[in-house]
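Listed below, chain by chain, are the residues.
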Amino acid sequence: MSSSETNRRIEKIEAIEKEIALALQSAGLAVEELSKVDGVLPVADSQAKNFLRHLQQVETGLAEQIAYLGRVSSSSVCGNTPRLAELKFEHKSASVRDVQHRLELSLAAAGASVAKHGCVASTTGATNDDAQPDDSVTATAAPDGVAADLPMDST
């Protein structure tokens, strides 16, 4: 592999690391907004969607890197390398699912807290008693259970 190819691969991995940081930041902001007594639910929803978008980019980037390693290692002397890459991918996927699950639990707990205390649901002064269910936002697990899809707002 050439030096420029190595540098390009390293840059891609660094970009994945930045996406992980952005995903964690979005998750933290969503939970923080939900934990506020006067939190704004659309802001929390937007941050949760950002988290899922970043998480999908991380998963895609890792899958690309692992696929590349599988191709490269199949021509290497060590026959265990593709299996090692597969195990690493499985481990990273489990970690991503764990973070996703924790965020979902935090969002559910914060939402229950908001509903229980009748906190302000928007900046217009409507309380949860006035709020209508929003069927436009639904979370569904992908077939492999790794990521959830949420419809993105066009705003």
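The text that follows walks through the structure, step by step, so that each part is easy to find. Just so it is clear, the model here is predicted, and its values are computed rather than measured. Numbering of residues starts from 1 in every chain and runs along the sequence as written. Local features are withheld for residues below a pLDDT of 70 in this predicted model, meaning they are given only at 70 or higher, and side-chain atom pairs are given and counted only at 80 or more; totals for whole chains, interfaces and linings count all residues. In computing side-chain properties, one takes all heavy atoms of the structure into account and sets aside hydrogens as well as water.

Side note on the overall build of the protein
Then, in step 1: Along its length, the protein carries three helices and two strands.
Then, in step 2: Each helix is a run of H or I in the DSSP string that is no shorter than four residues. Each strand is a run of E no shorter than two, and both are numbered from the N terminus. When the helices and strands of the protein are placed in sequence order, the string is α-α-α-β-β.
Then, in step 3: Only protein chains enter the accessibility calculation, which uses a 1.4 Å probe. A residue is then buried if its area is under 20% of the maximum for its type, exposed if over 50%, and partly exposed in between. For the protein, with 155 residues in total, the buried portion stands at 29%.
Then, in step 4: Whether two residues touch is decided by their heavy atoms; if any such pair falls within 4.5 Å, the residues are in contact. Pairs at least 24 apart in sequence give 68% of the contacts found in the protein among residues at least 6 apart.

Quick look at the packing of aromatic side chains
Then, in step 1: Each aromatic pair joins two rings of Phe, Tyr and Trp (for Trp, the six-membered one) with centres within 6.5 Å, and gets the label stacked for planes under 30 degrees apart, edge-to-face for over 60, and tilted for any other angle. Applying the stated criterion across every chain yields a total of zero aromatic pairs.
Then, in step 2: When the ring centre of Tyr 68 is taken as reference, the NZ or CZ atom of Arg 9 above it lies at 3.5 Å. Geometrically, a lysine NZ or arginine CZ counts as sitting over a ring once it is within 6 Å of the ring centre and also within 35 degrees of the ring normal.

A short note on the pattern of salt bridges
Then, in step 1: For this analysis, a salt bridge means a side-chain nitrogen from Lys or Arg found within 4 Å of a carboxyl oxygen belonging to Asp or Glu. Per the counting criterion, the structure on display carries five salt bridges.
Then, in step 2: As a salt-bridge pair, Glu 5 and Arg 8 come within 2.9 Å of each other at their nearest N and O atoms. With Glu 5 and Arg 8 both in helix H1 (residues 3–35) and three residues apart, the pair spans about one turn of that helix.
Then, in step 3: A salt bridge links Asp 45 to Lys 49; the nearest nitrogen and oxygen atoms lie 3.4 Å apart. Here Asp 45 pairs with Lys 49, and both are found in helix H2 (residues 41–73), just four residues apart, close to one helical turn.
Then, in step 4: For Asp 45, a relative accessible area of 25% puts it in the partly exposed group.
Then, in step 5: Sharing partners across several salt bridges, the network here consists of Glu 5, Arg 8 and Arg 9.

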